[in-house]
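Structural description and commentary
Below are the chains, spelled out letter by letter.
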Amino acid sequence: FSKILDVPGGHYYLYDKDLSGIIYAIPSSYYSGELQAEAAAYWHDKDNMFKLSINQPGKWFLNDREFEKRYLAQDPFHNEFLYKNDIYHVVGYRSHSTTSISSALGFLRGRDQKPLDDAELAWLKRLEPHLETAGRLHREMMRLQMSADLRARTLDTLDYPIILVYKRGFIAYLNRIAEQW
């Protein structure tokens, strides 16, 4: 999406149910991973757009439309972090979620770029059902991966070798003892 929308930065996050912690993040950006991590932490802790999104899943938030210019000029998140890093236009979306994980998507543009216009926003809104589906599928894949990891760790605690082999002889899994065997 970042390239299609001509934005130098974007991100995809998975949050726990109460939105108190980031579980997973995919930065897509010219900005460094460290800068994006700092932005995520700052956004999560101090930004009023984040606070608005908590009770309004499924809504696109654009900083230049949600807040007056004089508010933005005084807002710590914009002044202490965004403007300092040449980030002037922020777009965020948090999906609906019926699970314990919520997904969020965001885009960043610099001072020399225009804010997201109505045509770009309309394009993003047309993608909402697909974003919801992708978020739901990704959340389910994360849940399945965590469940598989937990089961593998449980098998690793056993004091005897366990080997799972497919019909054609491919070894699917070895626990810790089997690897040493």
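Whatever comes next refers back to the structure up there.
Residues numbered from 1 in each chain as written. Predicted model: local features only at pLDDT ≥ 70, side-chain atom pairs only at ≥ 80, totals over all residues. Heavy atoms only, no water.

**With respect to the pairing of strand S4 (residues 89-94)**
Regular strands place their side chains on alternate faces of the sheet. Burial runs high along S4: six of the six residues are buried. Going residue by residue along S4, you find His89, Val91 and Tyr93 tucked away on one face and Val90, Gly92 and Arg94 tucked away on the opposite face as well. Here three bridges tie strand S3 (residues 60-62) to S4, and the two strands are oriented antiparallel to one another. Its bridge partner lying in S4, Trp60 is registered against Tyr93. With six bridges joining them, S4 and strand S5 (residues 101-109) adopt antiparallel strand pairing. Bridge pairing in S5 places Arg94 opposite Ala104. (Buried < 20%, exposed > 50% of the residue type's maximum accessible area, 1.4 Å probe, protein only. Helix = DSSP H or I, 4+ residues; strand = E, 2+ residues; numbered from the N terminus. Pairing = 2+ DSSP bridges.)

**Remarks on the nonpolar core**
Nonpolar side chains in soluble globular proteins generally cluster together in the buried interior. Trp60, Phe107 and Leu116 are the most contacted members of the largest nonpolar core, which has 17 residues in total. Those residues in contact with Leu116 that sit more than four places away from it in its chain are Leu5, Leu62, Arg65, Val91, Arg109, Leu121 and Leu124. In this structure, Phe77, Phe81, Ile87 and Val90 belong to the second largest nonpolar core, which totals seven residues. (Core = buried A, V, L, I, M, F, W, Y, C linked by side-chain atoms within 4.5 Å. Contact = heavy atoms within 4.5 Å.)

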